[in-house]
Amino acid sequence: MPKIHSVSVRALAEFATEKGSLFPGGGSYARMKEGVRGHRALQELLPFNWQPELPVSRDLEIDGQILRVHGRADAAFIGDGLVCVLEIKTTVKNPSVILKYDYPAHWAQAEIYAALLCLNHNAAAAQVKLTYARVDGKTNSFTEDYDADTLIRLLMGYARPFMDWIVAVDAGREKTELTLQTLPFPYDTYREGQREMAQAVFRAMKRSGGALIEAPTGIGKTAASLYGALKALGKGCVTAIFYLTARTTGRRAAEDALDRMRKTGLSLRSVTITAKEKCCLLEKVDCMGCPHAIGYYDRRRPALREALAIQRLDADAIRELAVDHELCPFELSLDLSETADVIICDYNYAFDPRVRLKRYFDAKSKAGLLVDEAHNLSDRAREMLSASLSGWRLDILRKQVERTEGADSPMARLMEELLPHLKCDADAEPEANSDLPKALVEAVKRFAEAAGELQSAEPEVRDFIFEAQWFVNVSKRFDTDSYRALLLPRDGFLTARLWCYDPSKHLKRALERVGGAALFSATLAPMYFYAQQLGVDGDNDESLRLESPFPRENLGVYRLAVPVSLRERERTVHAVAQVIHAMTGAHVGNYLACFPSYAYMTQVFRYYRGLYPGDAAVCQQQHMTEVQRMGFIDRFMPAPERSLVAFIVLGGVFAEGVDLPGDRLSGAAIVSTGMPQISFEREKLRELLDDADEGGMDAAYTYPGLRRVLQAAGRVIRTETDRGVVVLMDTRYRQPNYRALLPEHWEVRDVKKLSGLKEALERFWQ
Ligand code: SF4
């Protein structure tokens with residue numbers, strides 16, 4: 001029995017005709033929906049003997065193997081010896097400006113349908129009609145007549161190169177499948193909790209459901225989750241695995257875990273997608289006119305072919321390929337993701353409607369998701385699903401356009417028209433409304449459509465146009481259950497924000513569309529709250545809480561009732577500095593001092609330097625570059641000869657996702673309960689959740705704060721042999737609700753005085 005390879009008509013047409021350049025922007029979710037509506041309107045006008053949405057399929061034999069070509073023609077008529085095919089393409093352009101052969105892929109698609117129908121119905125001739133339609137009903141059509149022989153020649157001309165490609169891709173997949181069957185766990189033994197975690201991941205993917213897993217530091221969750229998911233891939237429960245992270249550090253751990261499995265026999269291609277800003281080959285991202293974008297499709301196929309032989313396609317490997325073939329590395333990584341078994345990337349590529357990978361996340365798919373550091377997902381989803389437009393920024397851009405293009409230029413005029421909708425009185429108060437500001441949305445829509453046609457050369461202006469387009473898209477998904485319209489005044493200008501305050505149902509829908517998902521983190525307490533927030537609280541979902549594998553006596557946790565609320569900070573700076581000094585003085589080592597805000601951290605840091613000029617102390621800065629961050633982390637040397645204390649902010653880059661094993665970190669002083677700062681948005685969140693009887697204070701402040709505290713404390717013990725201390729400073733840690741949220745494996749000791757802390761620390765280190 002020859003092997004059957006499968007391809008959709010659309011994919012085959014795109015493969016056969018790919019050439020030309022990349023363009024920024026591209027289609028959007030909302031436009032695709034409009035496209036469906038446009039299709040239906042035209043299909044309803046067809047004569048009765050035409051068949052809309054006609055399924056078409058045929059097996060073609062090529063060099064002893066079968067290529068199954070399948071699709072659904074927009075409409076077709078099957079006559080006596082003649083077939084007619086209608087292909088409809090929805091466009092935002094004025095259809096009358098489109099020329100007959102502007103889009104070869106559209107013709108190829110219609111020709112493939114016509115050829116398949118000629119073959120299936122023994123027709124001798126075909127008529128192909130290609131219609132471009134805009135949502136407002138304007139259309140433009142082209143017609144072409146063919147004889148069947150010509151169409152079949154065209155079809156085989158498209159199919160042969162594709163067959164050559166898919167055979168190479170499928171050969172790699174077959175090898176992967178074989179090695180997955182016998183893949184051993186990549187370590188000699190399972191750590192405590194690892195087997196349960198791998199099994200929970202496997203179960204979730206087997207039943208296409210969700211698993212929420214609280215896995216404390218040290219369990220080895222990257223290897224366990226990947227192993228469970230790979231076993232599900234080997235059994236065909238999922239077709240690809242996405243390892244989704246909030247930070248770059250998590251991506252490296254996944255790449256290394258896969259490498260370890262490759263050493264035990266795994267053959268598998270993984271691709272890491274790096275943000276455009278980080279992998280761009282130019283000094284500054286400016287895709288319009290970039291040499292790596294021009295002619296991209298003319299050069300990409302050899303690069304994709306070469307990549308089939310590379311198993312670990314990380315940022316460096318992709319950059320090398322991109323340089324060799326003069327291609328944009330970002331776009332290349334997206335293309336490579338289509339044939340990879342494991343895709344390692346940011347949450348965006350699965351959940352953000354603007355950038356999510358259409359092939360896996362726009363419709364139902366069998367992708368398996370592993371969501372690392374899942375405690376971040378809810379906040380990130382809130383941002384991905386919201387849209388903001390700033391009048392203040394529009395005013396700056398308008399002035400810029402007036403200077404470069406003139407006050408009478410079409411772009412300046414469009415901006416001028418929009419600006420009054422984003423202005424307000426100087427004394428205006430912020431508002432949160434459950435109704436959509438319809439007049440504003442209409443004005444933004446007019447601007448987005450007209451400005452989009454003008455194709456500005458200025459990157460900032462183009463960004464603003466994309467934001468306006470996104471604002472219009474979000475307005476279409478606005479509902480009172482999960483959105484509020486915020487009007488935020490600043491110096492006479494408004495920032496209009498369509499704010500998704502509750503992304504849980506959107507996440508639930510996204511997770512239901514895939515072939516299974518496991519969401520895990522060390523900090524998911526209380527679990528019922530995170531299960532609801534992340535959309536994994538359904539009948540097809542499960543929760544698992546794993547114990548820490550490390551001896552509890554290796555961590556000393558001390559609680560001091562230092563008053564550090566906003567009102568009391570000024571008078572307790574001295575006490576806080578003394579506690580930090582006591583911690584670093586009890587044992588030579590590297591330490592963290594963690595604060596809820598930059599302002600508070602800087603205040604105590606300056607005081608500390610004055611009080612203890614002989615102590616080695618460093619302080620996190622805002623907006624540090626990658627190099628500065630690495631330099632900061634490199635200060636945490638193993639076996640230090642004198643103590644070092646680093647002042648950092650809770651929830652920042654050094655308080656989460658940083659791995660400092662052994663004696664690179666000996667302790668952390670946590671000042672406050674980590675509550676996020678009060679803001680208009682957060683207060684609204686609290687009110688909305690209180691109104692819904694969902695514990696607004698806990699959801700908006702207590703839980704996010706505790707999560708940041710536990711993440712920072714989680715830096716201290718990273719391996720079985722690590723020892724270290726955590727010093728909690730805040731009177732609120734004695735309250736029952738906070739006590740209940742602290743990890744069960746912590747043995748918290750209350751300390752009343754500084755001298756008591758010194759003694760306790762000395763005892764611990766002895
Ligand atoms: S290399 Fe940079 S500027 Fe060029 S297309 Fe890619 S991201 Fe855009």
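Residues numbered from 1 in each chain as written. Predicted model: local features only at pLDDT ≥ 70, side-chain atom pairs only at ≥ 80, totals over all residues. Heavy atoms only, no water.

### Things to note about the side chain of Thr274
Definition in use: Going along the chain from the N terminus, every DSSP run of H or I of four or more residues is numbered as a helix, and every run of E of two or more is numbered as a strand. Burial classification: accessible surface area is computed with a 1.4 Å probe over protein chains only, and a residue below 20% of its type maximum counts as buried, one above 50% as exposed, and the rest as partly exposed. By definition, residues are in contact when any of their heavy atoms lie within 4.5 Å.
Along the polypeptide, Thr274 turns up in the loop between β9 (270–272) and α8 (276–279). Residue Thr274 is classed as buried on the basis of its relative accessible area, which comes to 16%. Ignoring any residue separated from it by four or fewer positions in sequence, one finds Thr274 in contact with Cys279, Ala315, Phe330 and Tyr349.

### Description of the packing of aromatic side chains
Aromatic ring pairs are defined here through the distance separating the ring centres and the angle between the ring planes. Defined as follows: What counts as a ring pair is set by centres within 6.5 Å for rings of Phe, Tyr and Trp (its six-membered ring), and what kind of pair is set by the plane angle: stacked under 30 degrees, edge-to-face over 60, tilted for all other angles. Look at NZ for Lys and CZ for Arg. If either is within 6 Å of the ring centre and within 35 degrees of the ring normal, a charge sits over the ring.
By the definition in use, this model includes 28 aromatic pairs. Ring centres of Tyr101 and Trp107 lie 5.8 Å apart, and the angle between their planes is 40°; on these two criteria the pair is classed as tilted. Accessibility expressed as a relative area gives 52% for Tyr101, which makes it exposed. Relative to Tyr349, the ring of Phe330 has its centre 6.4 Å away and its plane inclined at 45°; by these criteria the two rings are tilted. Within this pair, whereas Phe330 is found in helix α11 (residues 329–337), its partner Tyr349 is found in helix α12 (residues 348–351), the two being separated by 19 residues in sequence. Cluster of aromatic residues (ring-pair linked, three or more members): Phe595, Tyr600, Phe605, Tyr608, Tyr612 and Phe647. Above the face of the Trp392 ring, Arg490 is positioned so that its terminal group lies 3.9 Å from the ring centre. Across the ring face of Phe764, the terminal group of Arg723 is positioned such that the distance to the ring centre comes to 4.3 Å.

### What to know about the pattern of salt bridges
Here is the rule: The working definition used for a salt bridge is a side-chain nitrogen of Lys or Arg within 4 Å of a carboxyl oxygen of Asp or Glu.
Following the criterion strictly, the structure yields 46 salt bridges and no others. Where Asp346 meets Arg380, a salt bridge forms, and the shortest distance between an N and an O atom there is 2.5 Å. A residue pair is termed long-range when its members are at least 10 positions apart, and Asp346 in strand β11 (residues 342–346) and Arg380 in helix α14 (residues 377–384) qualify at 34 residues. Arg398 is the salt-bridge partner of Glu402, the closest N and O atoms lying 3.1 Å from each other. Separated by four residues within a single helix, Glu402 and Arg398 lie in helix α15 (residues 391–405), roughly one turn from each other. What emerges from the salt-bridge pattern is a single network uniting Glu255, Asp256, Asp259, Arg262, Arg312 and Asp314.

### A closer look at the domain arrangement of the protein chain
Worth spelling out the cut-off: Source of the domain bounds: an automatic or database domain assignment. In short, buried area is how much 1.4 Å probe accessible area vanishes from two parts on joining, totalled over both.
With domains assigned, the protein chain is organised as domain 1 (4–167), domain 2 (194–384 + 504–545), domain 3 (395–495) and domain 4 (552–765). Listed by partner, the interface residues are nine residues for domain 2 and 10 residues for domain 3. For the pair domain 2 and domain 3, the summed buried area comes to about 740 Å², and 53% of that belongs to carbon and sulfur atoms. Applying the counting criterion to the domain 2 and domain 3 interface returns two salt bridges.

### Quick notes on the packing of helix α10 (residues 315–325) against α11
Selection rule: Under this scheme, a helix contributes an axis fitted over its contacting stretch, all axes are lines through C-alpha atoms, and angles between N-to-C directions fall in the 0 to 180 degree range. What sets the label is the angle itself: under 35 degrees gives roughly parallel, over 145 gives roughly antiparallel, 65 to 115 gives roughly perpendicular, and the rest give oblique. Definitions for this section: a left-handed crossing has its near helix turned counterclockwise from the far helix by less than a right angle. A right-handed crossing has that turn clockwise. Classes in brief: Ala, Val, Leu, Ile, Met, Phe, Trp, Tyr, Cys and Pro nonpolar; Asp, Glu, Lys and Arg charged; the others, Gly included, polar.
Look at α10 against α11: their axes get within 9 Å of each other, and the N-to-C directions meet at 115°. Relative to α11, α10 is oriented roughly perpendicular. Taken as a pair, α10 and α11 cross one another with a handedness that is right-handed. Between α10, through Ile318, Leu321 and Ala322, and α11, the contact on the second element is made entirely by Pro329, Leu332, Ser333 and Leu336. Tallied by class, residues from the contact of α10 with α11 come to six nonpolar, one polar and no charged.

### Quick look at the sheet that holds strand β25 (residues 748–751)
To keep it simple, the criterion reads: At least two DSSP bridges between two strands are required for those strands to pair.
Taken in spatial order, the seven strands of this open sheet run β21-β22-β20-β23-β24-β19-β25, and their pairing is parallel. The sheet is open, and its two edges are formed by β21 (616–619) and β25, each paired on a single side. Neighbour-to-neighbour, the strand axes of this sheet turn through a mean angle of 20°, independent of strand direction. Where strand β20 (residues 590–595) meets strand β23 (residues 667–671), four bridges bridge the pair, whose relative direction is parallel.

### Focus on the nonpolar core
Put simply, the rule is: We call a set of buried Ala, Val, Leu, Ile, Met, Phe, Trp, Tyr and Cys residues a nonpolar core when their side-chain atoms join them within 4.5 Å.
The biggest cluster of nonpolar side chains holds 145 residues, and the ones touching the most others in it are Phe242, Leu332, Phe351, Leu369, Leu519 and Ile670. The greatest single-element share of this core, amounting to 11 residues, is contributed by helix α4 (residues 148–181). Excluding residues that lie within four positions of it along the chain, Ile670 makes contacts with Cys594, Leu650, Val709, Ala712, Ala713, Val726, Val727, Leu728, Met729 and Tyr733.

### Let's talk about the confidence of the model for the protein chain
Our working definition: Confidence of the prediction at every residue is given by pLDDT, a number between 0 and 100.
For the protein chain, per-residue confidence averages 93 on the pLDDT scale, and 97% of positions sit at 70 or higher. Note on residues 24–35: pLDDT under 50 across the span, and 20 contacts to partners over four residues away in sequence or across chains.

### Looking at unusual backbone geometry
Of note, the amide linkage connecting Ala525 to Pro526 takes the cis form, showing an omega dihedral of -5°. Looking at where Pro526 falls in the secondary structure, it is placed in the loop between β17 (517–521) and α20 (527–533). Despite not being glycine, Asn122 has its phi angle at roughly 50°, a positive value. Tracing the backbone through its elements, the reader meets Asn122 in the loop between α3 (104–121) and β5 (125–133). The exposure class assigned to Asn122 is exposed, which follows from its relative accessible area of 71%.

### Overview of the sheet that holds β9
On the basis of which strands lie adjacent, the open sheet formed by eight strands has the order β10-β9-β11-β8-β12-β17-β7-β18 and parallel pairing. On the outer flanks of this sheet lie β10 (312–313) and β18 (541–545), each paired with one strand and no other. Alignment of strand β8 (residues 240–245) against strand β12 (residues 367–371), held across five bridges, turns out to be parallel. The partner of Phe242 across the bridge, within β12, is Leu369.

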